[in-house]
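# Coordinate inspection notes
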Amino acid sequence: MTVSAIEKQEHGELTRREQTRARRTFRPYVDIIEHDAELTVLADMPGTSAEGIDINFENGTLTILGKVDERQSDDADVLSREFAVGDFHRTFQVSEAIDNERISAEYTDGVLVLHLPKAEKAKPRKISVKS
Amino acid sequence: MNLIPWRNKKSESDLAENDLRPTLRHFRSELDRMFDRFFSDPFDAWPDAFQMLRDWRPSLDLTETAQDVIVKAEMPGVDPKDIDVAISGNVLTISGEKRECAERTEGCCHQSERRFGGFRRSVQLPTSVDWEKVTAEHSNGVLTVRLQKLASSTPKRIHVKAR
């Protein structure tokens, strides 16, 4: 490895991967809500399934990937088409300290609900002042 | 240096030939139309850019096979109990409401892209359908309404005899 390559790696340029996919992907609409104990991510992802969703949290980067099965059959004549079918993909940088072990997610009626519990040290703590 | 054709320098007859009035009139009506459109529905003028500000409405997909007409609608986060499907004549109406969940109402919102509220969409069906044989199912945020065509409305081939 040349010196410049090492430098680049240190600056994080080589570690960032650009994803390429054969299918078209969509960015799901997302709500991010902060509670005292956790961050909740709600994503509208119609047409995928609990098994088809892949969530990855690594070094503060949250990646959501939802595989969507083709639901527009070829033998039918299309009269009107307002949406296209493709996978869902979105990446976030999470600056808050998250307790990796306790991340949980559920998928109901096409909405992914992702719970990212805050690490103990990041939770707000009330400090009482003694007189 | 002068790159703009200077009309004043031309003769009277030349001016009459290149009368600008129709062009100006056209331009003015075009401008008027633009303003009308903006004030009647400001978000419709640029549908994509203002999609987020509009009321929420599900996207529909209408397909047809030899026996059925199939309508699919993406409605993530809508409780199946809140969806109402109705047919009258050849018009299928899907209405309902997407309610905000408890997680959203409490806590501090960092990002809010999802839309909520009531919706109503009607589609004109291409043929008559059997009202008794309509099925609707909601799975993973996708509503599928399957309507069976009436036997009388399926196309019948008529043989042309040669004499």
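In short, a report on the structure. Because the structure is a prediction, the values reported are computed rather than measured.

Before going further, it helps to spend a moment on the interface of chain B and chain A. Listed by partner, the interface residues are 39 residues for chain B and 36 residues for chain A. Approximately 3,000 Å² of surface area, both sides summed, lies buried where chain B meets chain A, with 52% of it carried by carbon and sulfur atoms. Counting the surface chain B buries against chain A, the share from its top three residues, Glu103(B), Arg114(B) and Asn140(B), is 21%. If you look at where chain B meets chain A, you find 6 salt bridges. For Arg114(B), the salt bridge identified is with Asp31(A), shortest N-O distance 3.4 Å. Linking chain B with chain A are 19 residue pairs in polar contact (both at pLDDT 80 or more), by the criterion used here. Taken together, the elements giving at least two residues each to the side of chain B that touches chain A come down to strand 1 (60-64), strand 2 (68-74), helix 3 (102-105) and strand 5 (108-112) of chain B. Among the residues forming the side of chain B that touches chain A, the class breakdown is 15 nonpolar, 12 polar and 12 charged. Pairing of strand 6 (residues 77-81) of chain A with strand 1 of chain B involves 4 bridges; the strand directions are antiparallel. From the neighbouring strand, Arg81(A) faces strand 1 of chain B, where its bridge partner is Asp61(B).

Right, let's get into the state of the cysteines. Defined simply, a disulfide is a covalent bond joining two cysteines at their sulfur atoms. All names here are of chain B. This structure, assessed with the given rule, holds 0 disulfides over all chains. Unpaired in terms of disulfides, cysteine 108 finds its nearest cysteine sulfur in cysteine 109, a separation of 7.3 Å. Classification of cysteine 109 by relative accessible area gives partly exposed; the value is 37%.

With that settled, consider the pattern of salt bridges. Counted under the stated rule, the structure contains 15 salt bridges over all chains. Across the pair Arg90(A) and Glu113(B) runs a salt bridge, and its minimum N-O distance is 2.7 Å. Placement of Arg90(A) in strand 7 (residues 87-93) and of Glu113(B) in the loop between strand 5 and strand 6 (117-124) is noted, with the two residues assigned to different chains. You'll find Arg90(A) and Glu113(B) in the same group, each marked buried. A salt bridge links Arg33(B) to Glu30(B); the shortest N-O distance between them is 2.6 Å. Pair noted here: Arg33(B) and Glu30(B) are both in helix 2 (residues 21-40), with a separation of 3 residues, about one helical turn. What you see here is one network of salt bridges that share partners, running through Asp31(A), Asp44(A), Lys98(B) and Arg114(B).

Here the focus is the sheet that holds strand 6 of chain B. One key point about sheets: their strands pair by backbone hydrogen bonds, in either a parallel or an antiparallel sense. Residue and element names in this part refer to chain B. Across the sheet, which stays open at both edges, the 3 strands sit in the order 3-4-6 with antiparallel pairing between neighbours. The open sheet is flanked by strand 3 (83-88) and strand 6, the only strands paired with a single partner. Averaged over all adjacent pairs, the angle separating strand axes in this sheet is 15°, with direction ignored.

Residue and element names in this part refer to chain B. Taken together, Leu20, Leu24, Phe27, Leu31, Met34, Phe35, Phe38 and Phe39 make up a surface patch of nonpolar side chains, about 840 Å² in accessible area. Looking at where phenylalanine 35 falls in the secondary structure, it is placed in helix 2. By relative accessible area, which is 45% here, phenylalanine 35 ends up partly exposed.

Conventions we followed
Residues numbered from 1 in each chain as written. Chains lettered and ligands numbered in written order. Predicted model: local features only at pLDDT ≥ 70, side-chain atom pairs only at ≥ 80, totals over all residues. Heavy atoms only, no water. Contact = heavy atoms within 4.5 Å. Buried area = accessible area lost by both parts, 1.4 Å probe. Salt bridge = Lys/Arg side-chain N within 4 Å of Asp/Glu carboxyl O. Polar contact = N/O pair within 3.5 Å; in protein donor to acceptor, adjacent residues only side chain to side chain. Helix = DSSP H or I, 4+ residues; strand = E, 2+ residues; numbered from the N terminus. Nonpolar A, V, L, I, M, F, W, Y, C, P; charged D, E, K, R; others polar. Pairing = 2+ DSSP bridges. Disulfide = S-S within 2.5 Å. Buried < 20%, exposed > 50% of the residue type's maximum accessible area, 1.4 Å probe, protein only. Axes fitted to C-alpha atoms, helices over the stretch in contact; angles between N-to-C directions. Patch = residues over 30% accessible without salt bridge, like charges linked within 9 Å, V, L, I, M, F, W, Y side chains within 5 Å. Areas by Shrake-Rupley, 256 points an atom, 1.4 Å probe, with all protein chains shown as cover.

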